[in-house]
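# Analysis of the macromolecular model
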There are 2 protein chains.
Amino acid sequence: MKILYSNQANFKDEFDALVNRSNMDIQGVMPIVNGIIDDIKKHGDEALKEQIAKFDRWEVNNNLAITTDEMKSAYEALDSELKSALEIAYKRVKSYHQKQVEKSWIDFEPSGALLGQKVTPVDRAGLYIPGGKAAYPSSLIMNAVPAIVAGVKDIVVCTPAVGGVVNSLLLGAMHLLGIKEAYKVGGASAIATMAYGTNSIKKVDVITGPGNIYVATAKKMVYGDVNIDMIAGPSEIGVIADDSANPAHIAIDLLSQAEHDEIASSFLITFSDEFATKVNSEIQRLLPNLKRYEIAKASIENKAAIIVARDMNECVELMNELAVEHLEIACDNAYDYLPHIRHAGAIFLGHYTPEAIGDYLAGPNHTLPTGGSARFFSPLSVSNFIKKSSIISMNKCAISELSKACMALADAEGLEAHKLSVEFRI
Amino acid sequence: MKILYSNQANFKDEFDALVNRSNMDIQGVMPIVNGIIDDIKKHGDEALKEQIAKFDRWEVNNNLAITTDEMKSAYEALDSELKSALEIAYKRVKSYHQKQVEKSWIDFEPSGALLGQKVTPVDRAGLYIPGGKAAYPSSLIMNAVPAIVAGVKDIVVCTPAVGGVVNSLLLGAMHLLGIKEAYKVGGASAIATMAYGTNSIKKVDVITGPGNIYVATAKKMVYGDVNIDMIAGPSEIGVIADDSANPAHIAIDLLSQAEHDEIASSFLITFSDEFATKVNSEIQRLLPNLKRYEIAKASIENKAAIIVARDMNECVELMNELAVEHLEIACDNAYDYLPHIRHAGAIFLGHYTPEAIGDYLAGPNHTLPTGGSARFFSPLSVSNFIKKSSIISMNKCAISELSKACMALADAEGLEAHKLSVEFRI
């Protein structure tokens, strides 16, 4: 694993390359994705069926919808330990997200004017859940729960069914979450279908959920016609650790990110050269025995780095520049650094908080900004499934008080009817 | 002005055309906008200067920046009534947005685990303020105030300077708001420059602000590399009114939207045929005398409609389907309908609340979702200038309690290192 020293001459260039790690080639796949979207917009279900035959390799015969019976049977067939684990995750994630609920508010002025803000859930939300070889019921929980808590009436799930089959664990999780409407549609086709609608699938207002570069690009292209959560890329972890941490723990945490994807990134920043060496040794020791060895190895070799900084202040400053998706602070006094962390999707504090606990059931959402976008994007939350309306109510006294200033501004902007609309009332 | 009756045979088709009124040809201008963005990305300031010479018709000689001295002089030269109006607007808009501030929070579990959410302002925000013939100081106030209230350290303004000159009212408003960094750059060039940076202008994290189709398209294209507020189109108003409203007031409110732009939309929905006729007469009476007659006339003729519904319930339901930017409810019992309004950018209640009061100084933001996007977008707010990080802190007791369920889920998803990262800690 690459080790960089912040006091070396070429450090700035090497570090900048890590900061600018986001290299999703959205421009490159845009023509293909635009083709898929246009096709769905023009030819609806017909195009959708052709795309499914082509990409997911099964023939649709009016059986795009997943029935609630299928979900229920799958749930009942689940191993009881797994069932219980899913229930714990659902309960804890729900409890956390309930704390994010925003209330409508109103406020009164002495004149009798009223100002406020109304919070309303979107009517219809579309959750995209990737499929393929592995099942990700945790993705379903993390996307569905904020929509449920927000009070969204219609929650729609789309997931690819390669060969026509949906993973039974995912089906079971749909039952647990009370999903009533789900379709076997994947990739950019699913995003286009949810954004614009077809005869069999009604359009939604918001689309959330992870996916590959085609899904990310399709989300970008439909943004504005619907809302989306964010454009997300490969997963990543940054760890700040000192000698108080256990090197094996930090090594396995870095590897837990590396096993996701060949292009997932893992960074350790520490001021202890000795600790850096120990973690590197642990990675070499643990890596060969992992089931997902090939993936993790590629990620560690090409996308990971250990950075040895001058001191703890520099560790924090460099980590802010990286603005990582998952940030662990594995130090005895982890809380001391919390005020100084400006950019991170989720912050894991102390020696007993492996990132994996946040992936499944700590409570906070695991859909987090990647590639440095923690500088401006937030974790998926209840906010993604609501929208606000401002409320303004004047009376004769209030409008009279404000009329002079309002009319002066309308005048200055050359908008006469704006001015008259106030003048008429006083 | 077109009058539609909801009980007529062809109503559904005609109404659907109004619902699907958003017809921004983003695909059409995308090649030009992509060209501008690529050029700025590759050639930085050199490209920027060429674009300014081409689009804004002035030669840049290292004088892109607007100095705080220019802003101060402009402010001091303002008419005292206008100065006072700007101050009132600033104060009221600030006071409203302060109520939107979200606090970081933490919560404790019996095990000693801690979960929370940290709120941090973005480091650097870019505000785009259109220029050209008219000055829009209100746009500057509405974009800058939420950023100021959010606590954004670097607030950057870009505005076109046709012929090299910035409107003095806008300059004066910059002084009032304490803007320290502003540039004479307009259109898609400004959006690209703020998103990717050049030698003279450092990249930002969030871009907000109105603009034409080129600006809207550029915002869509840079979304993901930075965050943006929304994709906004032409302005629009929807009025629900009954016989208790003054027809002249409603007519001038519709005209105040129409005078913005030939493609601005105005809708009145009422259940009174008589009231509809009265408003139509008032529009014909008022329109010819307006200074912006040509613009308002085109808008009223092509983009406006009066809809006569069966009853008040239908008025509300149709208005929800239109999901307008500005919604006036001009009825004696306006508050009664507030709970039933699901989709609107801003809601103006009662007979003394013309939409114009919200444009300037009622308090709420005037940057609002258009074209039906109030179904999923919110008014510009403090939220657009902050982002959140989840906080998770476990201890040995907490991680032990959750280990079994967490490991079962990691196992089910085939992520061994995730499982081991928990197992190592217990």
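Bear in mind the structure is a predicted one, so any value in this text is a computation, not a measurement. (Residues numbered from 1 in each chain as written. Chains lettered and ligands numbered in written order. Predicted model: local features only at pLDDT ≥ 70, side-chain atom pairs only at ≥ 80, totals over all residues. Heavy atoms only, no water.)

### Topic: the pairing of strand 4 (residues 114-121) of chain B
Residue and element names in this part refer to chain B. For strand 4, the tally of buried residues reaches seven of eight residues, placing the bulk of the element in the interior. In the sheet, strand 3 (residues 105-108) pairs with strand 4 via four bridges, with the strands oriented antiparallel. For Phe 108, the partnering residue across the bridge sits in strand 4 and is Leu 114. Between the end of strand 3 and the start of strand 4, which pair antiparallel, lie five residues, with Gly 112 showing a positive phi angle near 100°. Relative to strand 15 (residues 386-393), strand 4 is paired through eight bridges, and the arrangement is antiparallel. Of the residues in strand 15, the one forming a bridge with Lys 118 is Ser 389. (Buried < 20%, exposed > 50% of the residue type's maximum accessible area, 1.4 Å probe, protein only. Helix = DSSP H or I, 4+ residues; strand = E, 2+ residues; numbered from the N terminus. Pairing = 2+ DSSP bridges.)

### Focus on the pattern of salt bridges
Tallying each qualifying case throughout the model produces 38 salt bridges over all chains. Note that Arg 310 of chain B is salt-bridged to Glu 314 of chain B, the shortest N-O span being 2.6 Å. Taking relative accessible area as the criterion, Arg 310 of chain B reaches 53% and is therefore assigned exposed. With relative accessibility at 17%, the residue Glu 314 of chain B sits in the buried group. One network of salt bridges, with partners in common, ties together Asp 123 and Asp 205 of chain A together with Glu 317, Arg 342 and Arg 375 of chain B. (Salt bridge = Lys/Arg side-chain N within 4 Å of Asp/Glu carboxyl O.)

### Thoughts on the domain arrangement of chain A
All names here are of chain A. Taken domain by domain, chain A comprises domain 1 (3-22 + 233-362), domain 2 (26-228) and domain 3 (394-423). Look at where the C-alpha atoms of domain 1 and domain 2 centre, and you get two points 31 Å apart. Taken together, the contact pairs five residues of domain 1 with six residues of domain 2. Interface area, domain 1 with domain 2, both sides summed: about 480 Å², of which 55% is carbon and sulfur. For the domain 1 face of the interface with domain 2, the top three residues by lost area are Tyr 360, Leu 361 and Ala 362, together amounting to 75%. Where domain 1 meets domain 2, there are zero salt bridges. (Domains from an automatic or database assignment. Contact = heavy atoms within 4.5 Å. Buried area = accessible area lost by both parts, 1.4 Å probe.)

### Some details on the relation of the copies chain A and chain B
For the match of chain A to chain B, the screw axis carries a shift of 0.0 Å, the RMSD comes to 0.0 Å, and the turn is 180°. Considering both components of the superposition, the chain copies are consistent with a two-fold axis. Among all C-alpha atoms of chain A, that of Lys 220 of chain A lies closest to the rotation axis, at 3.8 Å. (Least-squares fit on C-alpha atoms with pLDDT ≥ 70 in both.)

### Looking at the UniProt feature "binding site: Zn(2+)" (unreviewed entry) in chain A
What UniProt calls "binding site: Zn(2+)" (unreviewed entry) maps, in this numbering, to Gln 257, His 260, Asp 359 and His 418 of chain A. Considering the C-alpha atoms alone, the annotated residues occupy 162 residues of sequence and remain spread out, their largest mutual distance being 56.6 Å. Take His 260 of chain A: it is sitting in the loop between helix 9 (247-258) and strand 11 (265-270). On the basis of relative accessible area, His 260 of chain A is assigned to the partly exposed category, the value being 28%. Ignoring anything within four residues of it in the chain, the contact list for His 260 of chain A reads Ser 235, Arg 292, Ile 295 and Asp 359 of chain A together with Leu 415 and His 418 of chain B. (UniProt positions renumbered as here; feature names shortened; annotations may be inferred.)

### Description of the nonpolar core
Counting residues in each nonpolar core, the largest one holds 214 residues, and the members touching the most others are Met 174 of chain A together with Met 174 of chain B. The contact partners of Met 174 of chain A, leaving out residues within four places of it in the chain, are Ile 66, Met 71, Leu 140, Val 157, Thr 159, Ile 179 and Ala 182 of chain A. (Core = buried A, V, L, I, M, F, W, Y, C linked by side-chain atoms within 4.5 Å.)

### Thoughts on the interface of chain A and chain B
With 121 residues of chain A at the interface, the matching set in chain B holds 121 residues. When the two sides are added together, the surface that chain A and chain B hide from each other amounts to roughly 10,900 Å², 60% of it contributed by carbon and sulfur. On the chain A side of the contact with chain B, Tyr 223, Phe 376 and Arg 425 of chain A bury the most area, a combined 8% of that side's loss. Here chain A and chain B share 12 salt bridges between them. For Asp 253 of chain A, the salt bridge identified is with Arg 425 of chain B, shortest N-O distance 2.7 Å.

### As for the sheet that holds strand 2 (residues 65-66) of chain A
All names here are of chain A. Spatial ordering of the open sheet is given by 2-7-6-5-8-9, a layout of six strands whose pairing is mixed. If you trace the sheet from one side to the other, it starts and ends with strand 2 and strand 9 (227-228), each paired once. Both strand 2 and strand 7 (residues 181-183) contribute to a ladder of two bridges, which runs antiparallel. From the neighbouring strand, Ile 66 faces strand 7, where its bridge partner is Ala 182. Helix 5 (residues 137-150) contacts strand 5 (124-128), strand 6 (154-158) and strand 8 (206-208) of the sheet and is inclined by roughly 165° relative to strand 6. Strands in contact with helix 7 (residues 187-196) are strand 5, strand 6 and strand 8; relative to strand 5, the strand with the most contacts, it is inclined by about 180°. (Axes fitted to C-alpha atoms, helices over the stretch in contact; angles between N-to-C directions.)

### A short note on the side chain of Glu 416 of chain B
Note that Glu 416 of chain B resides in helix 15 (residues 416-423). Buried charged residue Glu 416 of chain B carries no salt bridge. Nearest counter-charge: Lys 291 of chain A, at 4.6 Å. Beyond its immediate chain neighbours, meaning those up to four positions away, Glu 416 of chain B contacts Glu 259, Asn 289, Leu 290 and Lys 291 of chain A. (Lys, Arg positive; Asp, Glu negative; His and termini not counted.)

### A few points about the packing of aromatic side chains
Scanning the entire structure with this criterion turns up nine aromatic pairs over all chains. Relative to Phe 377 of chain A, the ring of Phe 376 of chain A lies with its centre 4.9 Å away and its plane at 70°, an arrangement referred to as edge-to-face. Here Phe 376 of chain A falls in the buried class, since its relative accessible area comes to 5%. Phe 377 of chain A gets classed as buried once you look at its relative accessible area, which sits at 3%. Look at Phe 377 of chain A and Tyr 223 of chain B: their rings are 5.7 Å apart centre to centre, the planes differ by 70°, and that puts the pair in the edge-to-face class. Of this pair, Phe 377 of chain A sits in the loop between helix 13 (355-360) and strand 15 (386-393) while Tyr 223 of chain B sits in the loop between helix 8 (213-222) and strand 9 (227-228), placing the two residues on different chains. (Phe/Tyr/Trp six-rings, centres within 6.5 Å; stacked < 30°, edge-to-face > 60°.)

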